[in-house]
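Residue-level listing of the chains:
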Amino acid sequence: MSWTVAMCCVCAKEFRLRVKRKESARELFCNVECCRVKWQRTHVTRTCEFCMKIFSRPQSVKQTRFCSWACYREAEPSKARSGTRGNFGHFVSSKAGAIHFDSGWELRRMKELDADVSVKSWCRSKYRIPWRDTDGKDRVYYPDFDVEYVGGSAVVEEVKGYTDESSRLKIEAGKRYCLERGLKYRVLNDRSFNEFEEAYEHYENDYGTWSRPTFENVFMKIARQFAIRSTCVRLQVGAVFVDKSYTRVLCLGYNGGVSDDGNQCESLLPGACGCTHAEVNAMMKAMEPLNDSVLFVTTAPCKACAKLLIARGVRKVVYDKTYRAKSGILYLKKHNVKTIAWSTYIRQCDETFFANQFNEKLIKPQLQFDEVDSVCCLAVHEAIFKAKAR
């Protein structure tokens, strides 16, 4: 491998580099500092939220909360375990300019603040709030946004609220900090950002083609509404049991503590909140057998609830979101209980709609999850493929 001597285009200092590098580069720099001077790259100095180390990083870099991947993995274990380094990016605001975001929750709130006419201005929070974690170590907490309204009031916002014990300690420290300084502090819990994809069916009569929500859509929305009543801080779940013909609601419920017990979780640790699960609360209110019934639940059942569902004769479970452990769903499938994710049902509805657009009688009129055989599915995909080819 051959080397040569080149001259820095900024400081005129001679330095060695490989011949191929000299041939391919338009401008040569002897170090990073010269490159920054040439391109005038703006660097920002920040404090790592985990190890408290001060570091600098180009403003164009999306991730600016942690100094390294190791700190990010320790501070955000749920995102690190998912195999992704998070949902980072920049949002260009008409009120705040280019602002970086660290999650989809933050991006959605940014768009809301930009569209809200009552908001005069907003920006990334300038406050640095000291707090102490569960191990007794001193940390620094960065709220999400500082919002100023037209009336003159100012609010410090935290987008995603209580998720674990550390988040509770941070939020309590934020409330104390803002109270001492006469500021308003607002926590937007993640239950305010739950999106729901609707499912519609289409029908025809003498007056045209119409659409309406499916029975599955109606019952899942009922379950979601009951989940809002949940007093569990970390995860809110609603459950609705209906008969197999989808004509009667048998029982319903949501997770939470015992009545007249303060509506308080015992802990924010996963699996230790002390709340009764939504499925159990609903089954306790059932006035008739649940044989061959269908359960609509916002979060997939755990293994303990799955055993109770099997014992009560439930034949189908439709869930919106997955639970942190898949053992419950696997246990239901093992005992021949049909399980359908809401995203799967939405995809089936879309395939039915596209098939009907081309007058293909591919799927039975009253779609049930277990009525679509392999031949029909193959025909649907063929119809969609032909549509794309056109």
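Residues numbered from 1 in each chain as written. Predicted model: local features only at pLDDT ≥ 70, side-chain atom pairs only at ≥ 80, totals over all residues. Heavy atoms only, no water.

### Thoughts on the packing of helix α9 (residues 303-311) against helix α10 (residues 327-334)
Stated precisely, the cut-off is as follows: Geometry is summarised by axes, namely lines fitted to C-alpha atoms with helices restricted to the contacting stretch, and by angles between N-to-C directions that run from 0 to 180 degrees. Numbering of helices and strands runs from the N terminus; a helix is a DSSP stretch of H or I covering at least four residues, while a strand is a stretch of E covering at least two. An angle below 35 degrees is read as roughly parallel, one above 145 as roughly antiparallel, one from 65 to 115 as roughly perpendicular, and any other as oblique. Should the near helix be turned anticlockwise from the far one by less than a right angle, the crossing is left-handed, and should it be turned clockwise, the crossing is right-handed. Contact criterion: two residues are considered in contact whenever any of their non-hydrogen atoms come within 4.5 Å of each other. As a working rule, the residues Ala, Val, Leu, Ile, Met, Phe, Trp, Tyr, Cys and Pro are called nonpolar, Asp, Glu, Lys and Arg charged, and the rest polar, with Gly in that last group.
Where α9 meets α10, the axes come as close as 7 Å, and the angle between the chain directions of the two elements is 25°. Judged by the angle between their axes, α9 and α10 are roughly parallel. Seen from above, α9 lies across α10 with right-handed handedness. Mapping the contact onto sequence places Lys303, Ala306, Lys307, Leu309 and Ile310 in α9 and Ser327, Gly328, Tyr331 and Leu332 in α10. In terms of residue class, the contact of α9 with α10 is built from five nonpolar, two polar and two charged.

### Details of helix α7 (residues 215-228)
Spelled out, the test is: Expected span of a helix, by definition, is 1.5 Å for each gap between consecutive residues, and there is one gap fewer than residues. When accessible area is computed with a 1.4 Å probe and restricted to protein chains, residues below 20% of their type maximum are described as buried, those above 50% as exposed, and intermediate ones as partly exposed.
In a regular helix each residue adds 1.5 Å, so 14 residues correspond to 20 Å; α7 covers 21 Å between its end C-alpha atoms and thus fits that length. Those residues of α7 not exposed but buried are Glu216, Asn217, Phe219, Met220, Ala223, Arg224 and Ala227.

### As for the sheet that holds strand β19 (residues 338-341)
To keep it simple, the criterion reads: What makes two strands pair is DSSP finding at least two bridges between them.
An order of β16-β15-β17-β18-β19 is seen for the five strands of this open sheet, with the pairing classed as mixed. Every other strand in the sheet has two partners, leaving β16 (249-254) and β19 as the edge strands with one partner each. Going across the sheet, the axis of each strand differs from the next one's by a mean of 15°, ignoring polarity.

### Regarding the packing of aromatic side chains
Under the convention used in this document: Think of it this way: a Phe, Tyr or Trp ring, Trp meaning its six-membered ring, pairs with another when their centres are within 6.5 Å, and the plane angle makes it stacked under 30 degrees, edge-to-face over 60, tilted otherwise.
Following the criterion strictly, the structure yields eight aromatic pairs and no others. Where Phe215 meets Phe219, the ring centres are 6.4 Å apart and the plane angle is 15°; that geometry is what we call stacked. Pair noted here: Phe215 and Phe219 are both in helix α7, with a separation of four residues, about one helical turn. Taking the relative accessible area as the measure of exposure, Phe219 reaches 7% and is therefore buried. Look at Phe226 and Tyr254: their rings are 6.3 Å apart centre to centre, the planes differ by 35°, and that puts the pair in the tilted class.

### Observations concerning the sheet that holds strand β7 (residues 119-124)
Across the sheet, four strands lie side by side as β7-β10-β11-β12; this open sheet has mixed pairing. Two strands in the sheet have a free side with no partner beyond their single neighbour: β7 and β12 (184-187). Each strand axis lies, on average, 25° off the axis of its neighbour in the sheet, ignoring direction. Relative to strand β11 (residues 154-158), strand β10 (residues 145-149) runs antiparallel, the two sharing four bridges. From the neighbouring strand, Val147 faces β11, where its bridge partner is Val155. Helix α6 (residues 165-180) rests against β11 and β12 of the sheet, and its axis sits at about 160° to β12.

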